[in-house]
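# Working through the structure, step by step
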Amino acid sequence: MLELSRKAAGVAQSEIRIMSVECEKVRGINLAQGICDTEVPKPVQRAAVEAIHSRQNSYTRLDGVANLRCAIARKMREYNHVEVDPEREVVVTAGSTGAYYSACIALLNPGDEVIVFEPYYGYHVNTLRALDCTPVYVTMHPPEWIFSHEHLRNAITPKTRAIIVNSPANPSGKVLTREELEFIAQLTIENDFFVITDEIYEYFLYDQNLHISPASLPGMAERTITISGFSKTYSITGWRIGYAVCDARWAQSIGYFHDLAYICAPSPFQHGVAAGLEELEPAFYRDLAMEYRAKRDLLCTTLEQIGLAPSWPQGSYYVLADASALPGSNSKEKAMHLLANAGVASVPGEAFFSGGGRNLLRFCFAKTDSDLQEACRRLSRLSVGAPAC
Ligand code: PLP
């Protein structure tokens with residue numbers, strides 16, 4: 001019989017993509033999707049083009065070219081304070097998404113429980129579902145997105161196989177503190193499970209917040225899979241270059257499953273990214289954070305002024321705002337109202353929760369200054385309930 005698999009029958013189009021299509025229809029400004037349209041750093045562009053011209057267009061080793069693996073290992077040592085062997089413990093992947101998917105296949109069995117903080121990034125949860133694992137949610141609460149230690153402890157069962165950490169987080173902008181990470185580390189060691197940490201926004205940090213990699217905490221290196229990538233930092237979402245670093249026992253199998261789906265990450269782009277890691281000075285990363293902080297400030301101030309109270313993000317480039325004042329009985333209706341009346345697309349908050357989020361909207365500020373300014377002008381003209389002072 002011609003029919004979809006049981007898994008495929010249950011899947012639905014992501015709200016982020018749906019809102020982007022709706023936005024296109026009304027020629028709105030898309031603050032729904034995280035597309036960085038800032039400039040790709042020059043050394044990264046140059047080295048990718050040179051690689052194409054010098055015929056570096058074939059398959060690479062399944063875990064990536066040596067210069068990129070070495071550059072990642074150096075960056076892990078200097079920025080993340082994690083020691084890794086570039087020969088055996090780094091797998092270059094098709095975006096951090098390729099790393100996450102391959103790590104989940106390599107480490108998780110059907111029926112395993114995996115702890116996920118909510119609000120969550122949809123791909124984290126949907127990948128778990130696709131692999132017949134069960135997400136177990138621990139809710140974080142605004143405005144600072146704090147989670148209860150008790151709740152986290154109670155979420156652990158004999159079936160718990162891993163916890164997903166995402167800091168700085170999409171969509172909340174939460175940056176986990178050292179104390180919070182130490183508590184998570186203690187639980188994972190006591191109960192013997194993995195940490196899969198998605199650190200794709202590791203350079204997008206505001207107001208003295210620091211990035212701490214779970215793998216750098218005592219006793220954590222062997223049980224932590226650190227995932228990151230260059231889509232956001234170098235504005236190359238379409239290039240698909242990311243990585244997983246972890247103990248060689250796990251890296252080998254992650255590489256195996258990544259090979260099955262992708263064979264390797266795009267070869268010339270691996271060289272482009274390696275040049276970025278080798279040539280860009282620390283000031284590049286500091287400037288990036290400053291540039292995005294100004295974008296955050298503009299958007300959050302506007303949201304505050306029109307009465308959609310934002311939880312000011314500590315990192316990443318998203319903000320969740322309280323849309324209670326907008327008409328609509330759920331977050332989708334509120335997002336559609338905003339799009340129809342202000343011409344600005346956001347994502348309904350319910351896309352990030354297992355049950356909540358009815359009054360929340362997510363806005364992305366990874367936009368050019370002119371697009372963001374125009375979006376803020378449009379939002380300011382909107383009349384929403386009583387404005388905050
Ligand atoms: N992880 C998180 C938390 C994200 O928000 C995104 C993109 O929005 C990704 C991963 C995707 O990263 P990549 O382009 O490296 O696959």
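Keep in mind that what you see is a predicted model, and the values were worked out from it rather than measured. (Residues numbered from 1 in each chain as written. Predicted model: local features only at pLDDT ≥ 70, side-chain atom pairs only at ≥ 80, totals over all residues. Heavy atoms only, no water.)

### Description of the overall build of the protein chain
- Within the protein chain one finds 13 helices and 12 strands.
- Expressed along its principal axes, the backbone C-alpha trace of the protein chain runs to roughly 60 × 55 × 50 Å.
- Classification of the 389 residues of the protein chain by burial places 56% in the buried group.
- A fraction of 73% describes how many contacts in the protein chain between residues 6 or more apart in sequence connect residues 24 or more apart.
- By element, 52% of the accessible surface of the protein chain is carried by carbon and sulfur atoms, the whole surface being about 17,100 Å².
- Distance between charge centres in the protein chain, computed from 36 positive and 44 negative side chains, equals 4 Å. (Helix = DSSP H or I, 4+ residues; strand = E, 2+ residues; numbered from the N terminus. Buried < 20%, exposed > 50% of the residue type's maximum accessible area, 1.4 Å probe, protein only. Contact = heavy atoms within 4.5 Å. Areas by Shrake-Rupley, 256 points an atom, 1.4 Å probe, with all protein chains shown as cover. Lys, Arg positive; Asp, Glu negative; His and termini not counted. Charge placed at Lys NZ, Arg CZ, Asp CG, Glu CD.)

### Observations regarding helix H11 (residues 282–305)
- Here H11 contains 24 residues, and its C-alpha end-to-end distance of 35 Å stays within 8% of the 34 Å for a straight helix at 1.5 Å per residue.
- Every buried residue belonging to H11 is among Tyr285, Leu288, Ala289, Tyr292, Lys295, Arg296, Leu299, Cys300, Thr302 and Leu303, and all of these are buried.
- Structurally, H11 contributes buried residues whose contacts are with helix H10 (267–279), strand S9 (318–322), strand S12 (360–364) and helix H13 (369–381).
- One or two residues past the end of H11 sits glycine 307, with phi positive at roughly 90°. (Expected span 1.5 Å × (residues − 1).)

### Quick notes on the sheet that holds S12
- Strand order across the open sheet formed by three strands is S9-S12-S11, with antiparallel pairing between neighbours. Strand pairing shows two members of the sheet lacking a second neighbour, S9 and strand S11 (347–348), which therefore form its edges.
- Pairing geometry for S9 and S12, over five bridges, is antiparallel. By the bridge assignment, leucine 320 is partnered in S12 with arginine 362.
- Relative to the sheet, H11 contacts S9 and S12, its axis offset from that of S9 by approximately 5°. (Pairing = 2+ DSSP bridges. Axes fitted to C-alpha atoms, helices over the stretch in contact; angles between N-to-C directions.)

### Quick word on the site of the ligand
- In the region of the ligand, 13 residues are neighbours, and Thr97, Asp198, Tyr201, Ser231 and Arg240 sit closest.
- Residue asparagine 170 places a side-chain N or O atom 2.8 Å away from an oxygen atom belonging to the ligand.
- One of the side-chain N or O atoms of arginine 240 is found 2.7 Å from an oxygen atom in the ligand.
- Summarising the interface, the protein chains cover 91% of the accessible area of the ligand, which totals 400 Å² for the free molecule.
- Sort the elements by how many residues they give to the shell around the ligand and helix H5 (residues 95–107) lands first, with three residues.
- Of the residues belonging to the shell around the ligand, the class tally is four nonpolar, six polar and three charged. (Near = heavy atom within 4 Å. Polar contact = N/O pair within 3.5 Å; in protein donor to acceptor, adjacent residues only side chain to side chain. Nonpolar A, V, L, I, M, F, W, Y, C, P; charged D, E, K, R; others polar.)

### Describing the pattern of salt bridges
- Taken as a whole and judged by the stated rule, the model has 23 salt bridges.
- A salt bridge links aspartate 247 to arginine 249; the shortest N-O distance between them is 3.2 Å.
- Relative accessible area serves as the criterion here: at 48%, arginine 249 is assigned to the partly exposed category.
- Bridged by salt links that share partners, the residues Arg61, Asp63, Arg69 and Glu87 form one connected network. (Salt bridge = Lys/Arg side-chain N within 4 Å of Asp/Glu carboxyl O.)

### Thoughts on the domain arrangement of the protein chain
- The domains assigned to the protein chain are domain 1 (6–40 + 283–380) and domain 2 (56–279).
- Each of domain 1 and domain 2 has a C-alpha centre, and the two are 24 Å apart.
- Tallying the contact residues gives 31 residues for domain 1 and 34 residues for domain 2.
- Both sides of the domain 1 and domain 2 interface together cover about 2,800 Å² of buried area, and 56% of this is carbon and sulfur.
- For the domain 1 face of the interface with domain 2, the top three residues by lost area are Tyr285, Gln314 and Ser316, together amounting to 25%.
- Of the charged contacts, one joins aspartate 207 and arginine 296 as a salt bridge, the two residues approaching to 2.8 Å between their closest N and O atoms.
- Inspection of the domain 1/domain 2 interface yields 16 residue pairs in polar contact (both at pLDDT 80 or more). (Domains from an automatic or database assignment. Buried area = accessible area lost by both parts, 1.4 Å probe.)

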